[in-house]
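Report on the structure
Chain by chain, the residues:
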2 protein chains.
Amino acid sequence: MYGTIRIERNEQGKAIPAAEQSLGFGRYFTDHMLLVDYEEGKGWHDPRIVPYAPLSLDPAAMVFHYGQAVFEGLKAYHCVDTGEVRIFRPDQNAKRLNRSNERLQMPLLDEDFFVNAIQALVRLDAKWVPQKKGASLYIRPFVIATEAGLGVRSSSRYLFVVILSPVEAYYDEGLKPINILVENHYARAVQGGIGDAKAAGNYAASLKAQALAKEKGCAQVLWLDAIEKAHLEEVGSMNVFFRIGREVITPSLSGSILAGITRDSIIQLLCDWGVPVTERKISIAEIVQAYEEGTLEEAFGTGTAAVVSPIGSLLWGEKQMDIQGGGIGELTQKLYDAVTGIQSGSLPDSRGWMVSC
Amino acid sequence: MYGTIRIERNEQGKAIPAAEQSLGFGRYFTDHMLLVDYEEGKGWHDPRIVPYAPLSLDPAAMVFHYGQAVFEGLKAYHCVDTGEVRIFRPDQNAKRLNRSNERLQMPLLDEDFFVNAIQALVRLDAKWVPQKKGASLYIRPFVIATEAGLGVRSSSRYLFVVILSPVEAYYDEGLKPINILVENHYARAVQGGIGDAKAAGNYAASLKAQALAKEKGCAQVLWLDAIEKAHLEEVGSMNVFFRIGREVITPSLSGSILAGITRDSIIQLLCDWGVPVTERKISIAEIVQAYEEGTLEEAFGTGTAAVVSPIGSLLWGEKQMDIQGGGIGELTQKLYDAVTGIQSGSLPDSRGWMVSC
């Protein structure tokens, strides 16, 4: 299974974006990519790092028809303490990718191989890791079904791919609060569905509500549970936290929510700091009540792309609820500084979250 | 927009499976495929029929990551009356593809172009249309997002593809009743979701329940609504009908059910025949009651692949409900014969369902 990773170098290489150039998110890609094939009976085999190039797939490849496609997102940082490149909690992404694989009837990957292969790829393209404050190298592992066939069933062949993209800090000029629309009509996922898997299909299902939110001046939607339309799930593609009085709360992992790795990191930090944090069901009614009683102190989203994203206001029907007067809460800022400090190497990594390449 | 379809012939051609060879479903593909590009600001352009060949896509193509992929399925038949090739209700597939496109924030296709392009492709590969009774040429149109980028939003580029596959009659030796598991845990779709779109992601979400049903000796699952787990939705990838006493009932299009074209055809036929047919909410409790009272006369699934598929038994928890003693109901057989008769040209097409190439 697997075997040694063969490396075919990209001798020409592409131009690396200049330091002053805007990177955006997922627009530039590095010189190399990792590929591993899977075939029923043979398992994962032929791991190789090759020049970044188009994939050639039969038009009947099952990923195009029946959507077996799962992915992960994590980041490598140029760390300011020693100058080395480190990756944030890749073992957690390996575990979650396998949970997604399992849910979509796709083959599991060896989790150590996943981490080692990403380390090897990032090492080879290390010169692409941006040094600008807040910027990083975004790592996108994904698995797609490649068997050519139109019967509705699990594919017998897959491709595991990792690509790398130098990305900007999500907020170039520091944190910026966003407006959020509480979504009351469309649903992203439901109990018994695949909402807790990082599956491509979940994202396609979210685009329409997202576009309608934009039209109302909101950056993201806050999804409610699909059954009662009462309980909070997640914000766009982030998990969500609220501070009500002294307590921090976040929706528990109900089965239709993605188990964010930044979410988990935030909970650990709060516990370490002695801030009361609870994972539980949270209704929108409770949030409205806290807002009206003046105890809704802070709200923020968490995810790999933005790390921590302050929520400036919630739009719920006709009701607009401003939080922190549309500004950034103290705890929100403190959490952002703590996580990005560990990631960039400016704060000590006492939890062993950072993995060197 | 669009322009003339350019044709690049496959001069070599592939070997067409011999008449006695088993075709299966979606395993063989013809000599040509249709491609049309879409780009924001430019619209759909460069329609072309080219030799069937792999697609070359950037590894960051959005279809691999955020699942914007919708498809259709329809069939062309070698008709026994005049020997010409005809397609079953392609205008309905054009309409439904656009409803799927709309739901997934993808660009609409001109519906006349859709039909004309498929006619042109089938004409060119007409020698691939099987002449064996019950066999047909399966037509698979699909649209995928092709922009290379990792921001979560609608793609600015798409590819519309049509491929063709000669397929067997679903049941080689005539109709065969199947066992169905009533699924009580997993969900395929929910109100406000994308269950009424023919989106790739819906199929990936169904595979696990499908695999578990197989382990229990069932060919498909019967999905219940995701909210109350009480009302019937669809069977695997088919719509479902029941005959209780003299009345035929089928779940109404609630928003989480695919609007099947065979479903619509069956309803029209029943109306024409004066058989009472009702589209409404149907609970599993009602089916159990009818079974126990001895009025559950027939049950069948409908879809493009199998046309009409008799249900021999329903497994609901520990309860197994045999229908027609596991045999084929009279009305089920009559509907199958009527639809396949129109499709094959052995019965008159008084409704204008068949479109010549």
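Residues numbered from 1 in each chain as written. Chains lettered and ligands numbered in written order. Predicted model: local features only at pLDDT ≥ 70, side-chain atom pairs only at ≥ 80, totals over all residues. Heavy atoms only, no water.

1. Examining the domain arrangement of chain A
Residue and element names in this part refer to chain A. One can read the domain layout of chain A as domain 1 (6-169) and domain 2 (178-344). Just the C-alpha atoms count here: the centres of domain 1 and domain 2 sit 27 Å apart. Listed per partner, the contact involves 22 residues of domain 1 and 20 residues of domain 2. For the pairing of domain 1 and domain 2, the buried interface totals around 1800 Å² over both sides, and the portion due to carbon and sulfur atoms is 58%. Sorting the residues of domain 1 by area buried against domain 2 places Phe71, Phe88 and Arg96 first, and these three jointly supply 32% of that buried surface. Where domain 1 meets domain 2, there are 1 salt bridge. (Domains from an automatic or database assignment. Contact = heavy atoms within 4.5 Å. Buried area = accessible area lost by both parts, 1.4 Å probe. Salt bridge = Lys/Arg side-chain N within 4 Å of Asp/Glu carboxyl O.)

2. As for the pairing of strand 14 (residues 247-251) of chain B
All names here are of chain B. Counting buried residues in strand 14 gives 4 out of 5 residues, a clear majority hidden from the surface. Pairing of strand 13 (residues 239-244) with strand 14, which is carried by 3 bridges, proceeds in the antiparallel orientation. Bridging across to strand 14, Arg243 finds its partner in Val248. Between strand 13 and strand 14, which pair antiparallel and follow one another directly, the connecting turn spans 2 residues, one of which, Gly245, has a positive phi of 65°. In terms of strand pairing, strand 14 meets strand 15 (residues 277-280) through 4 bridges, oriented parallel. Paired with Ile249 across the two strands is Thr278, which belongs to strand 15. Running through helix 6 (residues 261-273), the crossover from strand 14 to the neighbouring parallel element strand 15 is right-handed. (Buried < 20%, exposed > 50% of the residue type's maximum accessible area, 1.4 Å probe, protein only. Helix = DSSP H or I, 4+ residues; strand = E, 2+ residues; numbered from the N terminus. Pairing = 2+ DSSP bridges. Right-handed = clockwise from strand over helix to strand, strands pointing away.)

3. Comments concerning the pattern of salt bridges
Residue and element names in this part refer to chain A. Inspection of every chain in the model, using the stated rule, returns 34 salt bridges over all chains. The shortest N-O distance in the salt bridge between Asp81 and Arg86 comes to 3.0 Å. Overall, the relative accessible area of 45% leaves Asp81 in the partly exposed class. The exposure class of Arg86 is buried, given its relative accessible area of 10%. Among the charged side chains, a salt-bridge network with shared partners connects Arg6, Asp37, Asp46 and Arg48.

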